[in-house]
Amino acid sequence: MSAHSFEVVLLKAGRTKIRYAAELLTDDGTHLVVRAPWAGEGARDFGFVRFEPGDVFTEHYWRDRWYAVKEVRTGEGTLKGWYCDVTRPAVLDGGALSVEDLDLDLWVSADGKEILRLDEDEFAESGLADRDPAAAEEALRALDELELLARRGGFTDLLG
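Here's a quick rundown of the structure. Because the structure is predicted, anything quoted here is derived from the model rather than measured.

A closer look at the overall build of the chain
Reasoning step 1: A count of helical and extended segments in the chain gives 4 helices and 11 strands.
Reasoning step 2: For a compact globule of 160 residues, the expected C-alpha radius of gyration is about 15 Å, and the chain comes in at 15 Å, within 12% of that figure.
Reasoning step 3: Overall size of the chain, expressed as C-alpha extent along the three principal axes, is 40 × 40 × 30 Å.
Reasoning step 4: A total of 160 residues make up the chain; the buried ones form 41% of that total.
Reasoning step 5: Considering only residue pairs separated by 6 or more positions, the chain has 43% of its internal contacts joining residues 24 or more positions apart.
Reasoning step 6: Accessible area of the chain: about 8400 Å², with a carbon and sulfur share of 48%.
Reasoning step 7: Averaging the locations of the 19 positively and 33 negatively charged side chains of the chain gives two centres separated by 1 Å.

What about the nonpolar core?
Reasoning step 1: In this structure, Val-69, Val-86, Leu-106, Leu-146 and Phe-155 are the most contacted members of the largest nonpolar core, which totals 24 residues.
Reasoning step 2: It is helix H3 (residues 133-151) that provides the largest number of residues to this core, a total of 7 residues.
Reasoning step 3: In contact with Val-86, other than residues within four places in its own chain, are Trp-66, Tyr-67, Glu-100, Asp-101, Leu-102, Asp-103, Leu-104, Asp-105, Ala-139, Ala-142, Leu-143 and Leu-146.
Reasoning step 4: In terms of nonpolar packing, the next biggest core, distinct from the first, is built from 13 residues, Leu-10, Ala-36, Tyr-61 and Val-99 among them.

Some details on the environment of Arg-117
Reasoning step 1: Turning to its location among the elements, Arg-117 is positioned in strand S11 (residues 115-118).
Reasoning step 2: Of the residues examined, Arg-117 reaches a relative accessible area of 27% and is grouped as partly exposed.
Reasoning step 3: Along the primary structure Arg-117 and Glu-52 are separated by 65 residues, whereas in three dimensions their C-alpha atoms are 22 Å apart.
Reasoning step 4: The residues touching Arg-117, leaving out its near neighbours within four places in the chain, are Asp-105, Leu-106, Leu-143, Asp-144 and Glu-147.
Reasoning step 5: In this structure the side chain of Arg-117 is engaged in a polar contact, spanning 2.9 Å, whose partner is the side chain of Asp-144.
Reasoning step 6: One polar contact links Arg-117 to Glu-147, side chain to side chain, over a distance of 2.6 Å.

Quick notes on the pairing of strand S7 (residues 67-73)
Reasoning step 1: Most of S7 is tucked away: 6 of the 7 residues are buried.
Reasoning step 2: The sheet contact formed by strand S6 (residues 56-62) and S7 spans 6 bridges and is antiparallel. Bridge pairing links His-60 to Val-69 in S7.
Reasoning step 3: Where S6 hands over to S7, the hairpin turn is made up of 4 residues, counted between the paired strands.
Reasoning step 4: Relative to strand S8 (residues 79-87), S7 runs antiparallel, the two sharing 7 bridges. Across the sheet, Ala-68 pairs through a bridge with Asp-85, a residue of S8.
Reasoning step 5: Hairpin connection, S7 to S8: the antiparallel pair is bridged by 5 residues, and Gly-77 has positive phi, about 100°.

Quick notes on the side chain of Thr-58
Reasoning step 1: Counting through the fold element by element, Thr-58 comes out in strand S6.
Reasoning step 2: A distance of 3.4 Å separates the side chain of Thr-58 from the side chain of Arg-35, its partner in a polar contact.
Reasoning step 3: Apart from the residues lying within four places of it in its own chain, the contact partners of Thr-58 are Leu-25, Val-33, Val-34, Arg-35, Val-69, Lys-70 and Glu-71.

A short note on the packing of aromatic side chains
Reasoning step 1: Overall, the coordinates contain 12 aromatic pairs when judged by the stated rule.
Reasoning step 2: Considering the side-chain rings of Trp-38 and Phe-57, the 5.8 Å spacing of their centres and the 25° angle between planes classify their relative orientation as stacked. Of the two residues, Trp-38 is situated in the loop between strand S3 (31-37) and strand S4 (44-45) and Phe-57 in strand S6; the sequence distance between them amounts to 19 residues.
Reasoning step 3: Judged by relative accessible area, Trp-38 falls into the buried class, the value being 18%.
Reasoning step 4: On the numbers, 5.9 Å between centres and 75° between planes, the contact of Phe-51 with Tyr-83 is edge-to-face. Of this pair, Phe-51 sits in strand S5 (residues 50-51) while Tyr-83 sits in strand S8; the two residues are 32 residues apart in sequence, bridging distant segments of the chain. By the burial criterion, Phe-51 is buried, and Tyr-83 matches it.
Reasoning step 5: Through a chain of ring-to-ring contacts, the aromatic side chains of Trp-38, Phe-46, Phe-48, Phe-51, Phe-57, Tyr-83 and Trp-107 assemble into a single cluster.

What counts, and at which threshold
Residues numbered from 1 in each chain as written. Predicted model: local features only at pLDDT ≥ 70, side-chain atom pairs only at ≥ 80, totals over all residues. Heavy atoms only, no water. Helix = DSSP H or I, 4+ residues; strand = E, 2+ residues; numbered from the N terminus. Rg over C-alpha atoms; globule rule 2.2 N^0.38 Å. Buried < 20%, exposed > 50% of the residue type's maximum accessible area, 1.4 Å probe, protein only. Contact = heavy atoms within 4.5 Å. Areas by Shrake-Rupley, 256 points an atom, 1.4 Å probe, with all protein chains shown as cover. Lys, Arg positive; Asp, Glu negative; His and termini not counted. Charge placed at Lys NZ, Arg CZ, Asp CG, Glu CD. Core = buried A, V, L, I, M, F, W, Y, C linked by side-chain atoms within 4.5 Å. Polar contact = N/O pair within 3.5 Å; in protein donor to acceptor, adjacent residues only side chain to side chain. Pairing = 2+ DSSP bridges. Phe/Tyr/Trp six-rings, centres within 6.5 Å; stacked < 30°, edge-to-face > 60°.

Structure below.
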């Protein structure tokens, strides 16, 4: 890996869900921006969007916020939308950026007209509210904040 590339590690329930190479674009000490190709096996059709080989994700992580915002484009540069993960704040340690997925997600289409709250059932079933009520409260607040930003016109101010 080059000096500007490292690994993104997405954790879920204490285990590694996925890890992939990414290029560090910026890090101001709080907000990190990385770029990575679609890291899934083949294509994945969610019904509202399809992620596939060649797609490029520009991913925004924060050390002080409970979410990540991923701008998704085709390999040709056409915006598909934003996939937002509710996570614990990001931790950069050496060559790895680690984030813990808390199940809740938000999808915002490229035109901003489709805003979908995702996986609320998985979040409820995860038991986080019982195990760590403060984290569960932060997760729900983060999802509400992301939805409000999306409904107010998108992530332009947030992402810079």
